[in-house]
Amino acid sequence: MEQKISGTVVLVIDIDAQGNPVDVEVERSEPAGVFDQAAIDAAWKWKFNPELKAGKPVASRVRVPVTFEIPPGGEDTGTS
């Protein structure tokens, strides 16, 4: 935010039958490498609703875009 940079990281996350991440990988990011680690660190803390097959939870894989944006007013330096 200090550098006034925004971007997107697309993660591919393997999820176990309990909804916990078991693997997190960056599929692509823009700008490359800038937000990758922050997105990965966040994803490891997430809990998912597992996919259901025949009414039972199963392991699955999801693709999640994570967007980093400067919040409205974030570009204001606060000096008037």
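All figures in this text were calculated on a predicted structure; none of them were measured in a lab.

In this section: the overall build of the chain. Secondary structure assignment for the chain yields one helix and five strands. Sorting the 80 residues of the chain into buried and exposed places 29% on the buried side. Considering only intrachain contacts with a sequence separation of at least 6, the fraction spanning at least 24 residues in the chain is 62%. Accessible area for the chain stands at about 5600 Å²; split by element, carbon and sulfur atoms hold 51% of it.

In terms of burial, strand β1 (residues 7–15) is largely enclosed, as eight of its nine residues are buried. One ladder, built from nine bridges, connects β1 with strand β5 (residues 60–68); its direction is antiparallel. Along β5, the bridge assignment pairs I13 with V62. In terms of strand pairing, β1 meets strand β2 (residues 21–30) through eight bridges, oriented antiparallel. Looking at β2, one finds that V10 is bridged to R28.

Conventions used here
Residues numbered from 1 in each chain as written. Predicted model: local features only at pLDDT ≥ 70, side-chain atom pairs only at ≥ 80, totals over all residues. Heavy atoms only, no water. Helix = DSSP H or I, 4+ residues; strand = E, 2+ residues; numbered from the N terminus. Buried < 20%, exposed > 50% of the residue type's maximum accessible area, 1.4 Å probe, protein only. Contact = heavy atoms within 4.5 Å. Areas by Shrake-Rupley, 256 points an atom, 1.4 Å probe, with all protein chains shown as cover. Pairing = 2+ DSSP bridges.

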